[in-house]
Amino acid sequence: MSTANFYPIGTAGKAWGPAELDQWRACQVRQRSYADEVLGRIERLRSRFDVSSYGEMAYAEERFPLQAIRSRHWQSSLPTVLVTGGVHGYETSGVHGALRFVDEQAESYAGRVNLLLAPCVSPWAYERIQRWNFDAIDPNRSFRADSPAQESAALMRLVAPLRGQFAAHIDLHETTDSDASEYLPAVAARDGQPFEPHSIPDGFYLVDDSANPQPAFQQAIIEAVQQVTHIAPADEHGGIIGSPLVAQGVIHYAMKMLGLCAGITDARYTSTTEVYPDSPRATPEQCIAAQVAAVVAVMDFVCKTGL
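Report on the accompanying structure. The shown structure was predicted, so the numbers you read here are calculated from the model rather than taken from an experiment. (Residues numbered from 1 in each chain as written. Predicted model: local features only at pLDDT ≥ 70, side-chain atom pairs only at ≥ 80, totals over all residues. Heavy atoms only, no water.)

## Things to note about the overall build of the protein chain
- Counting secondary structure elements, the protein chain contains 9 helices and 10 strands.
- Expressed along its principal axes, the backbone C-alpha trace of the protein chain runs to roughly 60 × 45 × 35 Å.
- Buried positions account for 56% of the 307 residues belonging to the protein chain.
- In the protein chain, of all internal contacts separated by at least 6 residues, the share reaching a separation of at least 24 is 75%.
- Positive and negative charge centroids in the protein chain, built from 24 and 36 side chains respectively, lie 6 Å apart. (Helix = DSSP H or I, 4+ residues; strand = E, 2+ residues; numbered from the N terminus. Buried < 20%, exposed > 50% of the residue type's maximum accessible area, 1.4 Å probe, protein only. Contact = heavy atoms within 4.5 Å. Lys, Arg positive; Asp, Glu negative; His and termini not counted. Charge placed at Lys NZ, Arg CZ, Asp CG, Glu CD.)

## Some details on the pattern of salt bridges
- For the structure on display, the rule yields 14 salt bridges.
- Salt-bridge contacts for R131 lead to D138; the nearest nitrogen and oxygen are separated by 3.1 Å. Both residues of the pair, R131 and D138, belong to the buried class.
- With its nearest N and O atoms 2.8 Å apart, the salt bridge here joins R190 to D191. (Salt bridge = Lys/Arg side-chain N within 4 Å of Asp/Glu carboxyl O.)

## Focus: the nonpolar core
- Within the largest apolar cluster, 88 residues are counted, with the highest numbers of intra-cluster contacts made by F101, F204 and I221.
- Broken down by element, this core gets its largest block of residues, 12 residues, from helix α9 (residues 284-305). (Core = buried A, V, L, I, M, F, W, Y, C linked by side-chain atoms within 4.5 Å.)

## Considerations on the pairing of strand β2 (residues 62-70)
- The pairing of strand β1 (residues 50-59) with β2 spans 9 bridges and is antiparallel. Counterpart to A58 in the pairing with β2 is R63.
- Taken together, β1 and the strand that follows it, β2, pair antiparallel across an intervening segment of 2 residues, in which A60 is found at a positive phi of about 55°.
- Looking at chain direction, β2 and strand β4 (residues 114-118) are connected through 2 bridges and run antiparallel. Bridged to I69 within β4 is L117. (Pairing = 2+ DSSP bridges.)

Keep in mind these values describe shape, not function.
Printed below as a string of structure tokens:
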């Protein structure tokens, strides 16, 4: 199959070089404002939570401050939960689900759980509704030593001083139709590989860690979310996105080996959410509400188990 058949940039069988990267960058158009939609909302939370900078992303002439939200009156004796959103900037409900949880739910856990929340890990990509960063790198395959992604490296620096203190980490994502129409063709073209399409799951699902599976934790999240939106069924092969189902709406990935965000804390309980905003059975509002329900389930689970 020639590259022209599935992506307009590059040559079949040849990985991108600087010229192709420049061509791809020229196609990325700013479509929304990180300052208005994310930083503005964080600013309004300062009276109730501690807000801190954990770095700045610099791409060409653009600068993006990275901000995290923490529980006020942090207590080292309490279990800590990390919530991350917007690792892939185009996955809108993760960003706004994280922010809505803080605004509407987080204070009810004061004195029981410490919360650290990074609502928009990839602001350049958020503005362009893009999965990759400025360098055509997927941040969610880049959480590793000497990371090539500024976004991933910055978040790892934020988390490093607290390693060993986290009870749980939930990373909020979406699976969209653009994964099939844009991202998978783009990654194949970028890497000079054949394009292999796959179906998009219709509904919410979770990714657990194959090296540290926690079925009761995943089930608690599924039970909470199915009150808000539908859970993705298995495809015709009995799985989801090429992985076998291990429980309703749950698959396994090797989080650390793949460089996934959900593998950065050494927490006992970890999960990556995936909602499907393009489903005819769901709305963008339901997707945000599903992310909030997932975070609430994590916080309740940690409180109940007393970790």
